[in-house]
There are 4 protein chains.
Amino acid sequence: MELRIGVIGIGAMGRDHVDRINNRVNGAKVSAISDINVEVATAYAKEIGATFYEDAEALIAADEIDGIVVTSWDPTHEGYVLEAIKHDKYVFCEKPLALEASGCTNIVNAETAKQKRLVQVGFMRRYDRGYEEMKRELDTGVLGEPLLLHCTHRNETVDSKYDTPMAVENTAVHEVDALRWLLQEDFVSAQVILPKKQTQYTHPKLHDPQLILLQTESGVCIDLEVFVNCQFGYDINCKVVCEKGEIGLTNPTYFNVKTEQKDYTRVPSDWKERFISAYDKELQLWVDGIKHDEITGPSAWDGYMASVTTNACSESRDNGYKVEIKFDEKPSLYQ
Amino acid sequence: MELRIGVIGIGAMGRDHVDRINNRVNGAKVSAISDINVEVATAYAKEIGATFYEDAEALIAADEIDGIVVTSWDPTHEGYVLEAIKHDKYVFCEKPLALEASGCTNIVNAETAKQKRLVQVGFMRRYDRGYEEMKRELDTGVLGEPLLLHCTHRNETVDSKYDTPMAVENTAVHEVDALRWLLQEDFVSAQVILPKKQTQYTHPKLHDPQLILLQTESGVCIDLEVFVNCQFGYDINCKVVCEKGEIGLTNPTYFNVKTEQKDYTRVPSDWKERFISAYDKELQLWVDGIKHDEITGPSAWDGYMASVTTNACSESRDNGYKVEIKFDEKPSLYQ
Amino acid sequence: MELRIGVIGIGAMGRDHVDRINNRVNGAKVSAISDINVEVATAYAKEIGATFYEDAEALIAADEIDGIVVTSWDPTHEGYVLEAIKHDKYVFCEKPLALEASGCTNIVNAETAKQKRLVQVGFMRRYDRGYEEMKRELDTGVLGEPLLLHCTHRNETVDSKYDTPMAVENTAVHEVDALRWLLQEDFVSAQVILPKKQTQYTHPKLHDPQLILLQTESGVCIDLEVFVNCQFGYDINCKVVCEKGEIGLTNPTYFNVKTEQKDYTRVPSDWKERFISAYDKELQLWVDGIKHDEITGPSAWDGYMASVTTNACSESRDNGYKVEIKFDEKPSLYQ
Amino acid sequence: MELRIGVIGIGAMGRDHVDRINNRVNGAKVSAISDINVEVATAYAKEIGATFYEDAEALIAADEIDGIVVTSWDPTHEGYVLEAIKHDKYVFCEKPLALEASGCTNIVNAETAKQKRLVQVGFMRRYDRGYEEMKRELDTGVLGEPLLLHCTHRNETVDSKYDTPMAVENTAVHEVDALRWLLQEDFVSAQVILPKKQTQYTHPKLHDPQLILLQTESGVCIDLEVFVNCQFGYDINCKVVCEKGEIGLTNPTYFNVKTEQKDYTRVPSDWKERFISAYDKELQLWVDGIKHDEITGPSAWDGYMASVTTNACSESRDNGYKVEIKFDEKPSLYQ
C-alpha cells in the first residue's frame, strides 16, 4: 500500500518534495495538493495526477490523506501544523516550524497533549552521510570529549531580498539544529559579531560576512562563519576539536583534475548539489516512519530549540552583547 | 501503478535487489520469486509478501509479472534471459550475461530478432556518481583526447574459492565494461602479466596481484592492477591521462580525522560501502525504463563485448602472449 | 670572507643556531660564545672551535665579531640588544625582544637614534614557504580583499612549566607577528576567551584550549585557537577568507599511505619538523643581510608591535573584556 | 677552512651549481672554472671571483682545487671523471656518467683500482624529502614487501630537440636510479611500449607519451609513464603497492585555494620548483663528504647500473620485445 501524501504550498521547495515523493521515495505518492494560487495549482495537480484542494484545511482533514507536507509561506506553517495535529495526522514541516518561539511552544503543547509525536521539521543535515558518519565516530568516544567547533556556512551568492537577519534565521539555523544534534547538547549563550570589513559583493541591507559564537551547556565553544556572497561556491565546513584529535566534515568529491598547473576538485555550486541525498533520505525515513507509526526525525521540540537559539543570536546581533539562552523544560515526550 | 517484479535466485545478491526494490526504489514491488531451494524460498516469499514459483519459467511467463531480475547461479543466466526475451519481458541480469561469448551471442540474436531492447546487464559502475561526473567532464573535450588510463581494482581480501581466472572474469570485468563506456571505444588487444612477486596473503590457486594491459581501437593504453588481497580496503582508482590534463576518480569521503600524528580519511571496506548508491540508481532507472517502455542501461551487446574482452584476457594469461580481440559487427539495434 | 658570529646563550635554541650557522648556512661561522654556565660553555666552545667569553658584553664589543645572536634567558634580551646597538653591531634576537613593550620601546629608540636597522627579531614564520606563497598570492589581489582569518596553533603537548599566560606570550605571539606581516596591517583590538570546557590533558595552571579574537585597523576579524595539549601533533592552520575565495596554509606532506582502511598523511610531531627550513632561511638571510650591510627581517618595531598586541591579549584574558590596542607612531626608520 | 671547488662547464646547470655552492652550501666556494667558451667563461669567472682555466685538465690537476664538479657537454663527462680519479680528486658528475655502459665500466675500473670512492653521480632524487621519507617508511617493513610500483614522470613541455630516445635516457633515468635505490634491488628486464595514440602537442621525432615496464630481481613489477608534453605541469608520482598497504610520493604543496567552484593546490611548473631542495642537499652532503674524506652519494656503480638499464629500455623500444638486463658483478668497493 502506497501512502497518500498531501502537499500544501507548491513553490520551488514544494515541487522538489513532490518530485522526490513521486519519483525517488519508496512507498508513497502525492495524491493531493493545495496552494493559494488556484490556477497554477490546478494545472500542476492535473500534471501530477493529484487532487487539488482549494482549502488546505480540507486537505488536512481528508480521510484519503495519510501524511501532510507543509511547504507553504513561512507565516502559515504554525497554523497548518496545529491543524494536522488536531486531526492526528503526521506532518512534515519545512523550517521554520513557526515564526516565533511562542508559535513553536503552541505546537509542542498541542503535540504533548496528544502524547504522540506527529511533527517532523525539515532539518535535513542530520541525514547527510558526512554528519552521520561524524556523529558515529564522535559517539565512539575514541577522540575524547569535544571542546571546540569551527564551522562555516557559505553560499556563492544571495538575491537582493536576503538581508542581515536572514543570515541567522535562514542560514545559521541549519548549523544550530545540526550541531545541537551532533553534540547532544543545548546552547546556553549566543553572540553575533558583525565585522567592520565586509565584502564588496553585498548590498546595504545585508551585513556579510557575520561571525556567530555559541556555547553549549558543558562549555563547548563554537565559532560559525556565515558568508553568503563568498562567490566561489556552496561551502559547508564543520570541524570538531576533541581532546585527542579533530574530526571534520569533508565536502565529498567524485573526481579530481590536474590541468593548467592546478590540481583541483569541484566546490558544489549550491545546496542541492551538496545535500540532495540528505533531502531524499529525510523524506524516505519520514514515509517509512508513518508506515511503522513512529517517526524519529527532528521534532517540534527541536524546532522550538532552534527558534530560541536563533532568537538569541538575533538579539545579540541587534544589541552587541552576548545573550544567555533561556528555554522551557523539555517535555517527557521528547526524551 | 507499481510494477510487479519477479526475482529468480535469492542468494545474497538476489536479496539485496529484493530489499532495494521493496524499500528504496520508487514504483515497483517484488511480487514473485523463484529459487532451487524450495524450502528457504517459500519462507522468504512469505516474509516479503511475494508468490513463490517452483518453476522459474512459469514465473517468467506469468501475466502478473512486469519485469524479471536474474540473480541465479551463473550457468543459468543465459537460459532465463532467453526465456524472458521469448515472452517479451524486460529482464535485468546480473553479470555474467552468459558463461561464454557464444551464449551472449545467442541472447543478442534473440533480442535483435525482436527488434527491441529487453535485456539490461548489471554493470552498475556506469551509475556511480564519480564515473558519471568523469564522463561528463571528459565529454566536454576540455582536457583533450584520452591517451592513457591507470586503474586499480583492489579488494581487502577474498575467500579460498576465489582463484586466478576470477581476477579477470569476476573482478576486472567491471573495469572492462566501465572503461569501454567511459571511452566509448572497443578494446582491440589484451595482455595479462602475472608478476613473479606475489603477496604472502594469497593461496596456491590464486596469482595475486595481476596486471592487465588493454588497448582500444584508437590506441589508448590502459594498465589495470587487480589485487584482491590488498588488506587495506576496497580501493578503486581510475586515472585518465589526456592531452591537456589528468582526470581521476576519487573515493568519496565524508569526514577526515587528525589523531595520533595522522591526518586520515577512511578507505571503504567493501564494494557495498563504495557503490551502494550506484546499485540503487541502476535498479531505479531500470524500473523507470520499463514504465516508459524503453531501457537504456548496459545492453546484451555490452555483455557480449565484456565477454569477448575477458576471454581474450584469459587467453593471454594462460599463454603469456598479447591477444588480439575479435568481435562481431554491432547490430543496428545497439547503435 | 666568512662572517664571525658570537652567540650569547647556548641552551637548546642557542645550540640549534650554532649548528645551523656552522653546518648549513653559507658564509658565516660561530667564532665566539658566552653563557652564564662557564663550565659547560667552555667545553662547548672547545668542541665547536669558538672562543669562550665569560663576559657577554666583551663578546659584543669584540672587534673580531661581525654579528651577535641573542638566545639567552628572556629577561636579558633587552640589555644585550641595547649593548649591540651601542657598538653598531648587527644583532639577531630570539623572541621576545624584551619582556615589556617599554623595553621594546627602549630598543626602538636606541636604533632610531642610530638611524640604521641593526636588530632582527626571531619571527621565523615569515620565512616559511607556505606563508611566503600565501602572501605572494594574496598580494596579487586576485582573491580580493581579506575579510576573515581562521587560525589554529596546536602543540602535541607541553610540559608542566607551561602556564595560561604562555599560550599568548610564547605561542600566539607567532601568529601575532606572522598575520600582521601577512595582512600588512596592525591590530586594533584583542579578546581572549577561556572556554569552560577544557581538555583532560591539561593541568591546574594552564587553561587549554584558548580562543583569541583580533581585529585589524581595516576591520579584518581573526579567530585563533591555541591548543597546546592537542595530543595528535603540531598543527598550524591559517585560512584567509577573501572576497572571491579562500586561501589556506597547508601542512606540506611528503608521502601518503593507505593501510588498515585509512588513507593518511603524517601530522608533524613538533615545530622543528614543520619549520626547520624557515629557521635555516631566517639565519641565511640575516647573514646575507650583514654582508650587504642591510637587513630586512622582522625589526625592533615588529618586536614592539608584537609586544603591545600580546599585552592586550593578556589584559583581556585576565579581565574578560575586549581590549583596544594602543601603540606609538611608527618611526620613519621602519617605513 | 672552505673547500675550493672547480666547475667544468658553465651552462645553465653549471651556473646553478656555482650559485648553490657560493650562496647556499656551507663550507665551500667555487674558486676555479673551465669552459670551452673562453670569452664568456672569463667574464663569468671574474664576476664570481674565480680563476679561469682554459685547460680543464689543468684545473683538475691544480693543487688549490679540492673537488671537481663536471657539468660540461655529455660526451666529455667520462674523460674528466677519469682524469679526476687519476689525480685522486673527488668529483661530482652530472648524469650521464658516460654515454655508454662501457664508459661507466672504465670509470668503475679506474675507481676500483684506487680502492676508494671518488665519484658521485648527480642523481638528486635520493635527496628529496619525499623519497627519503618513503624509503624510511618502507624500510620499517610495516607495509610488508613491495609488489608493484606505479610511476609517472611528466614535464609540462619540451623543446624541439627533445626526441624519442631522450624519454628514456634523460627522463626515465631519474626513476631508474631512484627506484633501484628505493627498492635496493637491480632490474632484470625492461620493456618500452609506444602507444599508438599520442598527444597532439608532440612533434614527428618524439613519441609521446611512452610506457616503460621494469621488473626487479625479486619480481617487483614497475610501470612508468613518461609524458613530456603533458601541458599541466611537472608531475612526478611514485606509488609503491605493498602486501599490507600502498605508500605514495606526494607533491608537497604549501597553500590551497578555493575560488570559482574549484578547490585547488598548485602543480609545480618545472623540476626546479619541485626538486630545488634536493639539489641543495645533494651538493651540501657532497661537500660534507669531502671534508670527512668519505662520500656516500650515488656511486660510479650506480651510474653504470643506470646505464645498462636505460640501454635495455632503448633496445626494447627500438625492437619491440622485452629485454633481459645483463650486468657485471658488483665490485666489493660498492657493497
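Quick caveat, the model's predicted, so the values are computed rather than measured.

The transform that puts chain B on chain A rotates by 180° and translates by 0.0 Å along the axis, for an RMSD of 0.0 Å. Accordingly, the operation relating the two chain copies is best matched by a two-fold axis. Residue Asn26 of chain B of chain B places its C-alpha closer to the rotation axis than any other residue of that unit, at 2.2 Å.

Let us look at unusual backbone geometry. Residue and element names in this part refer to chain A. Along the chain, Asp208 connects to Pro209 via a cis peptide bond; the corresponding omega equals 0°. The backbone of Gln115 sits at a positive phi, close to 55°, despite the residue not being glycine. Along the polypeptide, Gln115 turns up in the loop between α5 (101-114) and β6 (119-121). One non-glycine residue with positive phi stands out, namely Asp293, at about 55°. Along the polypeptide, Asp293 turns up in the loop between α8 (271-291) and α9 (300-319).

Residues and elements named next belong to chain D. When you tally the buried positions in strand β11 (residues 235-242), you get seven out of eight residues, the bulk of the element. Where strand β7 (residues 146-154) and β11 come together, eight bridges link them in antiparallel fashion. Each bridged residue has a counterpart across the sheet, and for Cys151 the counterpart in β11 is Cys238. Of the strand pairs in this sheet, β11 and strand β12 (residues 245-249) are connected by three bridges, and their pairing is antiparallel. Bridge pairing links Val240 to Ile247 in β12. Between β11 and β12, which pair antiparallel and follow one another directly, the connecting turn spans two residues.

Attention now moves to the UniProt feature "domain: Gfo/Idh/MocA-like oxidoreductase N-terminal" (unreviewed entry) in chain A. Mapped onto the present numbering, the UniProt feature "domain: Gfo/Idh/MocA-like oxidoreductase N-terminal" (unreviewed entry) falls on residues 3-123 of chain A. As a span, residues 3-123 of chain A carries 44% helix and 22% strand, and end to end its C-alpha atoms are 22 Å apart.

This paragraph deals with the confidence of the model for chain A. Residue-level pLDDT values for chain A average 97, and 100% of them are 70 or greater. Reported confidences for the modelled complex are a pTM of 0.97 and an ipTM of 0.96.

Below, the discussion takes up the interface of chain A and chain C. Listed by partner, the interface residues are 36 residues for chain A and 36 residues for chain C. Both sides of the chain A and chain C interface together cover about 3,000 Å² of buried area, and 60% of this is carbon and sulfur. When the buried surface of chain A facing chain C is broken down by residue, Leu147, Lys197 and Glu243 of chain A rank first, second and third, together holding 22% of it. Applying the counting rule to chain A against chain C returns four salt bridges. As a salt-bridge pair, Glu246 of chain C and Arg154 of chain A come within 2.8 Å of each other at their nearest N and O atoms. Inspection of the region where chain A meets chain C yields 16 residue pairs in polar contact (both at pLDDT 80 or more). Looking at which element gives the most residues to the side of chain A that touches chain C, the answer is strand β7 (residues 146-154) of chain A, with five residues. Taken together, the residues that form the side of chain A that touches chain C break down as 16 nonpolar, ten polar and ten charged.

Locating Asn256 of chain B in the fold gives a position in strand β13 (residues 255-259). Residues in contact with Asn256 of chain B, not counting those within four places in the same chain, are Lys239, Glu246, Ile247, Gly248 and Thr250 of chain A together with Asp263, Tyr264 and Thr265 of chain B.

A few words now on the environment of Lys161 of chain A. Residue and element names in this part refer to chain A. In this structure, Lys161 sits in the loop between β7 and α7 (164-183). Classification of Lys161 by relative accessible area gives exposed; the value is 68%. Remark: the alpha-carbon pair of Lys161 and Asp66, spanning 95 residues in sequence, is separated by 36 Å.

Turning next to the sheet that holds strand β4 (residues 67-70) of chain B. Residue and element names in this part refer to chain B. Spatially, the six strands line up as an open sheet ordered β3-β2-β1-β4-β5-β6, and their pairing is parallel. Since the sheet does not close on itself, it has two edges, and those belong to β3 (51-52) and β6 (119-121), each with one partner. Its contacts with the sheet put helix α1 (residues 12-23) on β1 (3-8), β2 (28-34), β4 and β5 (90-93), and the angle it makes with β2 is roughly 150°.

Once that is clear, we can look at the domain arrangement of chain A. A common way to express how large an interface is: the accessible area buried when the components associate. All names here are of chain A. Taken domain by domain, chain A holds domain 1 (3-125 + 277-299) and domain 2 (142-268 + 305-310). Using C-alpha coordinates to define each centre, domain 1 is positioned 28 Å away from domain 2. Surface buried jointly by domain 1 and domain 2 totals about 810 Å² across both partners, of which 60% is contributed by carbon and sulfur atoms. It is Lys95, Phe123 and Arg125 that lose the most area in domain 1 upon contact with domain 2, and together they represent 75% of the buried surface on that side. Inspection of the region where domain 1 meets domain 2 yields one salt bridge. The closest approach of N and O atoms between Arg125 and Glu175, which form a salt bridge, is 2.8 Å. Scanning the region where domain 1 abuts domain 2 turns up four residue pairs in polar contact (both at pLDDT 80 or more). Here the side of domain 1 that touches domain 2 is composed, by residue class, of four nonpolar, no polar and three charged.

It is worth spelling out the packing of α1 of chain B against helix α8 (residues 271-291) of chain B at this point. Residue and element names in this part refer to chain B. Axis separation between α1 and α8 bottoms out at 11 Å; the angle between their running directions is 55°. Classified by the angle between their axes, α1 and α8 sit oblique to one another. Of the two elements, α1 crosses α8, and the hand of that crossing is right-handed. Contacts between α1 and α8 involve Met13, Asp16, His17, Arg20 and Ile21 from the first element and Trp271, Lys272, Ile276, Tyr279, Asp280, Glu282 and Leu283 from the second.

Let's shift gears to the pairing of strand β13 (residues 255-259) of chain D. β13 of chain D sits mainly inside the fold: five of its five residues count as buried. Burial along β13 of chain D is two-sided: Phe255, Val257 and Thr259 of chain D facing one way and Asn256 and Lys258 of chain D facing the other are all buried. Relative to β13 of chain D, strand β12 (residues 245-249) of chain C is paired through five bridges, and the arrangement is antiparallel. Within β13 of chain D, the residue paired with Gly248 of chain C across the bridge is Asn256 of chain D. Looking at chain direction, β13 of chain D and strand β14 (residues 262-266) of chain D are connected through four bridges and run antiparallel.

By a simple turn and slide, chain A fits onto chain C: the slide is 0.0 Å along the axis, the RMSD is 0.0 Å, and the turn is 180°. With an isologous cut-off of 70% or more, the 100% of interface residues of chain A that recur at the interface of chain C puts this contact in the isologous class.

Contact residues are listed per partner, giving 33 residues for chain B and 33 residues for chain A. At the junction of chain B with chain A, the criterion picks out zero salt bridges. Here chain B is connected to chain A by 20 residue pairs in polar contact (both at pLDDT 80 or more). Only α1, α6 (129-140), β12 (245-249), β13 and α8 of chain B provide two or more residues apiece to the side of chain B that touches chain A.

A few words on the side chain of Arg154 of chain C. Structurally, Arg154 of chain C can be placed in strand β7 (residues 146-154). The class for Arg154 of chain C is buried, based on a relative accessible area of 0%. Here Glu246 of chain A takes part through its side chain, which lies 2.8 Å from a polar atom of the side chain of Arg154 of chain C.

All names here are of chain B. As for its position among the elements, Gly297 is in the loop between α8 and α9 (300-319). Its relative accessible area of 4% is what places Gly297 among the buried residues. Through-space distance from the C-alpha of Gly297 to that of Asp318 is 32 Å; in sequence the pair is 21 residues apart. Ignoring any residue separated from it by four or fewer positions in sequence, one finds Gly297 in contact with Arg117, Gln120, Tyr127 and Asp302.

Here we come to the sheet that holds strand β5 (residues 90-93) of chain C. All names here are of chain C. If you trace the six strands from one edge of the open sheet to the other, you get β3-β2-β1-β4-β5-β6, paired in parallel fashion. Unpaired on one side and paired on the other, β3 (51-52) and β6 (119-121) mark the two borders of the sheet. Note: strand β4 (residues 67-70) against β5, four bridges, orientation parallel. Looking across to β5, one finds that Val70 is bridged to Cys93.

With that settled, the discussion passes to helix α2 (residues 38-48) of chain D. Residues and elements named next belong to chain D. What α2 keeps buried is the set Ala41, Tyr44 and Ala45. End-on, the buried residues of α2 take up no more than an arc of 105°, which puts them together on one face. Those residues of α2 that are exposed and angled more than 90 degrees off the buried face are Glu39, Lys46 and Glu47. Those residues of α2 hidden inside the fold are in contact with α1 (12-23), β2 (28-34) and β3 (51-53). Once α2 ends, the next one or two residues include Gly49, with phi positive near 70°.

The rules behind the values
- Residues numbered from 1 in each chain as written.
- Chains lettered and ligands numbered in written order.
- Predicted model: local features only at pLDDT ≥ 70, side-chain atom pairs only at ≥ 80, totals over all residues.
- Heavy atoms only, no water.
- Least-squares fit on C-alpha atoms with pLDDT ≥ 70 in both.
- Helix = DSSP H or I, 4+ residues; strand = E, 2+ residues; numbered from the N terminus.
- Buried < 20%, exposed > 50% of the residue type's maximum accessible area, 1.4 Å probe, protein only.
- Pairing = 2+ DSSP bridges.
- UniProt positions renumbered as here; feature names shortened; annotations may be inferred.
- pLDDT = per-residue confidence, 0-100.
- Contact = heavy atoms within 4.5 Å.
- Buried area = accessible area lost by both parts, 1.4 Å probe.
- Salt bridge = Lys/Arg side-chain N within 4 Å of Asp/Glu carboxyl O.
- Polar contact = N/O pair within 3.5 Å; in protein donor to acceptor, adjacent residues only side chain to side chain.
- Nonpolar A, V, L, I, M, F, W, Y, C, P; charged D, E, K, R; others polar.
- Axes fitted to C-alpha atoms, helices over the stretch in contact; angles between N-to-C directions.
- Domains from an automatic or database assignment.
- Parallel < 35°, antiparallel > 145°, perpendicular 65-115°, else oblique.
- Left-handed = near helix turned anticlockwise from the far one by under 90°.
- Arc of directions from axis to C-beta.

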